[in-house]
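Below, each chain spelled out in residue letters.
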Amino acid sequence: MLCKTACLSICIFFCALQPMAQNITFGNVSPQDFNTSKLKVDTTKGAIIISDVGVSTFEGNNKGWFTLVFKHKKRILILNKNAFDLAKVEIPLYKSTTSNNEEAIDKVRGSTYNLVDGKVVETKLNTDGIFKDNYDKNHVVKKFSM
């Protein structure tokens with residue numbers, strides 16, 4: 001009986017987390033977002049991961065089948081150069097050697113926000129800065145930095 005109660009409690013906890021995770025907003029960065037004095041977190045690591053949310057869904061495609069769509073949103077406050085590696089993104093993708101098909105990423109968007117003279121300055125990701133490296137015969141890696 002105790003085991004069933006513990007499992008139910010864990011399931012309810014994860015179900016309760018689901019709606020909270022989906023309500024995270026992105027954009028609209030203000031100068032107050034750069035103020036870490038009110039945060040009770042360890043800032044010695046060089047960055048604070050504010051949110052990291054991913055959602056997978058299936059959508060019908062034009063081949064009469066389904067496509068897996070994964071949407072990922074991440075917001076990081078980088079405090080110093082020790083955390084610059086967090087601004088690097090690598091996305092591994094599968095490619096078929098027999099049919100010349102390759103997984104693809106679409107609609108990549110990103111912005112870097114900097115506080116300059118008390119004002120927030122946005123720099124959008126240039127899609128020309130997305131590179132593809134061959135990893136092995138069945139995998140490629142798309143890479144970019146923010």
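About the criteria used
- Residues numbered from 1 in each chain as written.
- Predicted model: local features only at pLDDT ≥ 70, side-chain atom pairs only at ≥ 80, totals over all residues.
- Heavy atoms only, no water.
- Helix = DSSP H or I, 4+ residues; strand = E, 2+ residues; numbered from the N terminus.
- Contact = heavy atoms within 4.5 Å.
- Buried < 20%, exposed > 50% of the residue type's maximum accessible area, 1.4 Å probe, protein only.
- Pairing = 2+ DSSP bridges.
- Axes fitted to C-alpha atoms, helices over the stretch in contact; angles between N-to-C directions.
- Salt bridge = Lys/Arg side-chain N within 4 Å of Asp/Glu carboxyl O.
- Patch = residues over 30% accessible without salt bridge, like charges linked within 9 Å, V, L, I, M, F, W, Y side chains within 5 Å.
- Areas by Shrake-Rupley, 256 points an atom, 1.4 Å probe, with all protein chains shown as cover.

Q: Could you clarify how one ought to interpret the side chain of Asn138 in this entry?
A: Residue position: Asn138 is located in the loop between strand E6 (131-136) and strand E7 (139-145). Discounting residues that sit within four places of it in the chain, Asn138 has contacts with Leu93, Tyr94, Lys95 and Thr97.

Q: Whenever I open this one, unusual backbone geometry confuses me. Can you help?
A: Excluding glycine, residues mostly carry a negative phi; peptide bonds, for their part, are mostly trans. The phi dihedral of Lys107 falls on the positive side, at around 60 degrees, and the residue is not glycine. Structurally, Lys107 can be placed in the loop between strand E3 (88-94) and strand E4 (111-116). On the accessibility criterion, Lys107 (66% relative accessible area) is exposed. One non-glycine residue, Asp117, adopts positive backbone phi at about 50 degrees.

Q: Is there a simple way to explain the pairing of strand E5 (residues 119-124) in this structure?
A: Successive side chains on a regular strand alternate, one facing one side of the sheet and the next facing the other. Two strands pair when backbone bridges link them, and E4 and E5 are joined in this way by six bridges, in the antiparallel orientation. Note that in E5 the partner of Tyr113 across the bridge is Glu122.

Q: Help me understand the sheet that holds E3 in this model?
A: The antiparallel open sheet is built from three strands, whose spatial order is E3-E7-E6. This sheet does not close on itself; its edge strands, each paired only once, are E3 and E6. Strand-to-strand twist across the sheet, computed as the mean angle between neighbouring axes with direction ignored, equals 25 degrees. Pairing of E6 with E7, which is carried by five bridges, proceeds in the antiparallel orientation. Across the sheet, residue Asp136 finds its bridge partner in E7, namely His139.

Q: Is there a simple way to think about the pattern of salt bridges in this case?
A: Once the charged atoms of two side chains with opposite charge are near each other, the side chains can pair. All told, the structure shown has five salt bridges when counted by the stated rule. Ionic pairing is found between Asp85 and Lys88, a salt bridge with its closest N-O pair at 3.3 Å. For Lys88, a relative accessible area of 52% puts it in the exposed group. Taking the shortest distance from any N to any O, the salt bridge between Lys132 and Glu102 comes out at 3.6 Å. Here Lys132 is found in strand E6, whereas its partner Glu102 is found in the loop between E3 and E4, with 30 residues between them in sequence. On the basis of relative accessible area, Lys132 is assigned to the partly exposed category, the value being 46%.

Q: How should I be thinking about a nonpolar patch on the surface in this particular structure?
A: Together, Ile49, Ile78, Phe84 and Leu86 give the surface a local cluster of nonpolar side chains, amounting to about 350 Å² of exposed area. As for its placement among the helices and strands, Phe84 is situated in the loop between strand E2 (66-78) and E3.

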